[in-house]
Amino acid sequence: MVDEKKLQDKARETLSRDDVRRLIGWKRSTYGYEAAPAVLTDASEADQLIFDPTCVQNPASFISLEEKKPVPRGQEPDTRKIAVMVKGCDSRAIVQQLVEKAYNRDDVVVLGIPCIGVIDRRKAEKLFGETGKQVKAKVDKEKVAVDIGGDVKTVDRKDILMDKCLRCRYPNPLVSDFLLGDEVEKWADDDFADVDEFEKMTPEEKWKHWDEQLSKCIRCYSCKSVCPMCYCVECVVTQQKPQWTRRSTDISENAAYHLQRAWHLAGRCIECMECQRVCPVDIPIMELNRKMTREVKEMFDYEPGVDAEAEPLLASYNPQDPEDYIM
Amino acid sequence: MGDYKFAKDKLAEALSGLTDYEVFAPAAVGDVLRFKVVEDPASVSLDYDNTTVPPKELMFPQTETLFKYRLGQTDIEPTVPDASAKRAVVGIRPCDALAYTIVDNLYGWDFPDPYYQQRREATTLVGLACSDPCANCFCPSVGGAPASEKGLDALIFDLGDAYYVKTLTDKGEEFAKAAGLEAAGDAEAKAAAKQGEEALGKVQRSIDTAGIPEHLPELYDDKFWEQFSDRCLSCGICTFLCPTCHCFDIQDESEGFDSRRARMWDTCMFAEYTRHTSGHNPRPTRKERTRNRISHKYSYFPEKFDVIACVGCGRCINNCPVNIDIVDILEKSKQAGAKEAKTA
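The model shown is predicted, which means the values in this text are computed figures rather than measured ones. (Residues numbered from 1 in each chain as written. Chains lettered and ligands numbered in written order. Predicted model: local features only at pLDDT ≥ 70, side-chain atom pairs only at ≥ 80, totals over all residues.)

**Comments concerning the overall build of chain B**
Per the secondary structure count, chain B includes eleven helices and twelve strands. Relative to its length of 344 residues, chain B is compact, with a C-alpha radius of gyration of 22 Å against a globular reference of 20 Å. Taking all 344 residues of chain B together, the buried fraction comes to 45%. Expressed as a percentage of contacts within chain B between residues at least 6 apart in sequence, the contacts between residues at least 24 apart total 74%. (Helix = DSSP H or I, 4+ residues; strand = E, 2+ residues; numbered from the N terminus. Rg over C-alpha atoms; globule rule 2.2 N^0.38 Å. Buried ≥ 20, exposed ≤ 12 C-beta atoms within 10 Å, placed from the backbone. Contact = placed C-beta atoms within 7 Å.)

The structure is reproduced here in structure tokens:
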């Protein structure tokens, strides 16, 4: 794992640069199994930064969350860079944002962190119960040691890590200006067993499943708000004039929202799982994204967020593209 | 009022007796709980912490038809709920019942809202006292308690092998009679009082609210808010899951000529909440929106109605994906003021 002292020193150095305006990483949260995203603007704050298996959030989500306020007459816009700390999975968001030209490569300083897994809060709560205490954690090739306010519990890595970690193919950042810590060995692979499992359901079972899951949706839009690939200034689902999606909540509007979201992420989702993590009513959103990921991979041999020079899937055309999906 | 009890395995029987009522109780889909109409009394369990979605939706549904009409015609068909159709909410936590008493101020203020008020009047609230407060509960700091009776018609205590029911109003008495509960004695009442005291001691978090309502406006333009808002996703979790948040939008919807005017939960955390028709937005960034959420609960609402619009249920803390923690914000707000004063 990365040495926290080294990480803080690098952050301090980065924040001291004249051409950097903010740095996004992680800091200890007030309670519980997840760290808090840290958005820092001053080098003196760098000692807040941490990295351990509680650092589940994707800092790349926060690049586009910063509002671009109108610049007062006579003033120049702040064009200084944003520094972002990223794990392997998070780095795919940066790559895909670059592919889509959300910003220029020069606009960001990427501090990469090799990672061998982060904790799933829901799994931790099932294992150890909810806690109001601050939590730290350590992970090695076998185990995760979870320190709940001084009380250390050790558990097998596979029992507590996020599902994305258990099929992680990119433990090392795919883009970075500085690598904090040594590269780690890939220890898992993705065989889409979860999608296979889902596809075993009959159409009736799937219908019932989604009816039950999507009926729960309260349309808080946390899934789209946290998604690093949902960076449109005006989202089609919240646009009021003209209005494409009704504000009323029912299975029809909820399903319309989630299907739009899934389609808009086809060939773009980098599977950081943030949408599913943040959902307050536990909708298994990734089931939709994972299915799309596999379709895209199998039909077009395309994987988003791995090559910054690639063309976006939906903006590229190959005469050999399959047409079977067109009814 | 009266003291009643019933054996734990008699819950379904008691609920079955409530034939005059539409009964609501916590129901689970996976790990997510929400109050639902009871269809099978045998499936109801009162062994739970709290619902993810607060029962505010029973008085103020997320989507509610106000009236129906046909395009091109001037007649409207009001859809105000019937106050005589009795409803019972069984197992509501004291914080969520307290929340109704706070929201009542708003819905009974300049325009008495018939939709909300009719439902409130028709509903009997049967609470369930907390014996094990959750990690982020802080109800005693904001006028509540694990066994608070405020806003309730009856309060159930889980005494291990039996439930003790303390009725608090006529509505509560009527409920106990309808459910066919047997009389309880002093022993149960004492055990319940003791449990309430003990639960109070188990609440882990607290905030001294003295001075906060007056102080927050002083931080209006302060950079203070940015340390929290910089990581805010601007999603609706904290407000939609808040039992006292009550904002709504009103929209018209049509299917062909059949139309309705409906209201839906809205949230000050969304950018479009304050966006004017001109495109101007007086709360253009997450800073203003975060400031508004906290200040509305802890300053603007108390200024107007003399009560803090927060019941300390902890839902906004538990469910925030980026650890925006209202207790932490309030605690730090006190120091922010002090620092400001020193440097000034």
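Having seen the structure, we can now continue with the description.
**As for the overall build of chain A**
When helices and strands are tallied, chain A shows eleven helices and eight strands. Dimensions of chain A along its principal axes, counting C-alpha atoms only, are 55 × 55 × 40 Å. Sorting the 327 residues of chain A into buried and exposed places 42% on the buried side. In chain A, of all internal contacts separated by at least 6 residues, the share reaching a separation of at least 24 is 69%.

**Describing the sheet that holds strand E5 (residues 135–139) of chain A**
All names here are of chain A. The three strands are arranged E5-E6-E7 in an open sheet whose pairing can be described as antiparallel. The open sheet has two free edges, formed respectively by E5 and strand E7 (151–156), since each of these has just one partner strand. Put simply, the sheet's adjacent strands are angled 20° from each other on average, direction ignored. Here six bridges tie strand E6 (residues 143–148) to E7, and the two strands are oriented antiparallel to one another. In the sheet register, Val 144 faces E7, and the bridge partner there is Val 155. (Pairing = 2+ DSSP bridges. Axes fitted to C-alpha atoms, helices over the stretch in contact; angles between N-to-C directions.)

**Overview of the interface of chain B and chain A**
At the interface, 38 residues of chain B touch 35 residues of chain A. With three residues, strand E11 (residues 248–255) of chain B is the single largest residue contributor to the side of chain B that touches chain A. For the side of chain B that touches chain A, the per-class residue count stands at 16 nonpolar, twelve polar and ten charged. (Nonpolar A, V, L, I, M, F, W, Y, C, P; charged D, E, K, R; others polar.)

**A word on the domain arrangement of chain A**
Residue and element names in this part refer to chain A. Partitioning chain A into domains gives domain 1 (1–190) and domain 2 (191–327). Measuring from the centre of the C-alpha atoms in domain 1 to the corresponding centre in domain 2 gives 24 Å. Taken together, the contact between domain 1 and domain 2 spans 23 residues of the former and 21 residues of the latter. The set of elements that each furnish at least two residues to the side of domain 1 that touches domain 2 consists of helix H2 (88–99) and helix H5 (163–166). Counting residues per element, the side of domain 1 that touches domain 2 draws most heavily on H2, at nine residues. Looking at the side of domain 1 that touches domain 2 residue by residue, the class counts come to eleven nonpolar, five polar and seven charged. (Domains from an automatic or database assignment.)

**Looking at the domain arrangement of chain B**
Residues and elements named next belong to chain B. One can read the domain layout of chain B as domain 1 (3–202) and domain 2 (212–343). For domain 1 and domain 2, the distance between their C-alpha centres works out to 26 Å. Across the boundary between the two partners, domain 1 contributes 33 residues, which contact 27 residues of domain 2. Looking at the side of domain 1 that touches domain 2 residue by residue, the classes come out as 18 nonpolar, ten polar and five charged.

**So, unusual backbone geometry**
Residues and elements named next belong to chain A. Following Lys 241, the chain continues to Pro 242 via a peptide bond in cis, the omega torsion being 0°. Tracing the sequence through the fold places Pro 242 in the loop between helix H8 (222–226) and helix H9 (251–264). We note that Tyr 221 has phi near 60°; this positive angle belongs to a residue other than glycine. A count of 25 C-beta atoms within 10 Å places Tyr 221 in the buried class. One non-glycine residue, Asp 301, lies in the positive phi region at around 50°. Inspection of the secondary structure puts Asp 301 in the segment after helix H11 (286–300).

**Quick word on the packing of helix H7 (residues 203–215) of chain A against H9 of chain A**
Residues and elements named next belong to chain A. Direction vectors running N to C along H7 and H9 enclose 95°, while the axes themselves pass 9 Å from each other. Classified by the angle their axes make, H7 and H9 are roughly perpendicular. Every residue of H9 that contacts H7 at Trp 210, Asp 211, Leu 214 and Ser 215 is listed here: Ile 251, Asn 254, Ala 255 and His 258. For the contact of H7 with H9, the per-class residue count stands at four nonpolar, three polar and one charged. (Parallel < 35°, antiparallel > 145°, perpendicular 65-115°, else oblique.)

**Side note on the environment of Ala 97 of chain B**
Residues and elements named next belong to chain B. Checked against the element boundaries, Ala 97 lands in helix H2 (residues 94–107). Of the residues examined, Ala 97 has 25 C-beta atoms within 10 Å and is grouped as buried. For the pair Ala 97 and Leu 219, spaced 122 residues apart in the sequence, the C-alpha separation amounts to 31 Å. Excluding residues that lie within four positions of it along the chain, Ala 97 makes contacts with Ile 92, Leu 125, Gly 127, Lys 150, Gly 151 and Leu 152.

**Quick word on the sheet that holds strand E8 (residues 154–158) of chain B**
Residues and elements named next belong to chain B. Pairing within the open sheet is mixed, and its eight strands lie in the order E3-E2-E6-E7-E8-E9-E1-E10. The sheet is open, and its two edges are formed by strand E3 (32–37) and strand E10 (182–183), each paired on a single side. Pairing between strand E7 (residues 123–128) and E8: three bridges, direction parallel. When the bridges of E8 are listed, Val 126 appears paired with Ala 154.

**Here's the deal with the nonpolar core**
Val 84, Ile 94 and Ile 119 of chain A together with Val 89 of chain B are the most contacted members of the largest nonpolar core, which totals 164 residues. Counting residues per element, this core draws most heavily on H2 of chain B, at seven residues. Those residues in contact with Val 89 of chain B that lie beyond four places of it in its chain are Phe 24, Phe 35, Pro 55, Leu 58, Thr 123, Leu 125 and Val 126 of chain B. (Core = buried A, V, L, I, M, F, W, Y, C linked by C-beta atoms within 7 Å.)

**Examining the pairing of strand E4 (residues 108–112) of chain A**
Residue and element names in this part refer to chain A. E4 sits mainly inside the fold: four of its five residues count as buried. Note: strand E3 (residues 81–86) against E4, five bridges, orientation parallel. Residue Ile 82 lies in a different strand from E4, and its bridge partner there is Val 108. Regarding topology, H2 serves as the crossover connection from E3 to the parallel E4, and that connection is right-handed. (Right-handed = clockwise from strand over helix to strand, strands pointing away.)

**Side note on the pairing of E8 of chain B**
Residues and elements named next belong to chain B. By the criterion of burial, E8 is predominantly enclosed, with four of the five residues buried. Pairing analysis gives five bridges linking E8 to strand E9 (residues 162–167), with the strands arranged antiparallel. Within E9, the residue paired with Ala 154 across the bridge is Thr 167. Between E8 and the antiparallel strand that follows it, E9, lie three residues; Gly 160 among them carries a positive phi value of about 95°.

**Some details on the confidence of the model for chain B**
Low pLDDT means the predicted coordinates in that region are not meant to be read closely. Chain-level pLDDT for chain B is 95 on average; 98% of the residues reach the 70-or-more range. Note that pLDDT drops below 50 for residues 340–344 of chain B; the model gives that stretch one contact with residues more than four away or on any other chain. (pLDDT = per-residue confidence, 0-100.)

**Section: the environment of Ala 191 of chain B**
Residue and element names in this part refer to chain B. By the secondary structure assignment, Ala 191 is in helix H5 (residues 186–202). For Ala 191, a count of 16 C-beta atoms within 10 Å corresponds to the partly exposed category. Residues Ala 191 and Leu 159, 32 residues apart in the sequence, show an inter-C-alpha distance of 7.4 Å.

**Quick word on the environment of Leu 313 of chain A**
Residues and elements named next belong to chain A. Mapping Leu 313 onto the fold places it in the segment after H11. Through-space distance from the C-alpha of Leu 313 to that of Arg 268 is 7.8 Å; in sequence the pair is 45 residues apart. With residues up to four places along the chain from it excluded, the contact list for Leu 313 reads Gly 267, Val 296, Phe 300, Tyr 302 and Pro 304.

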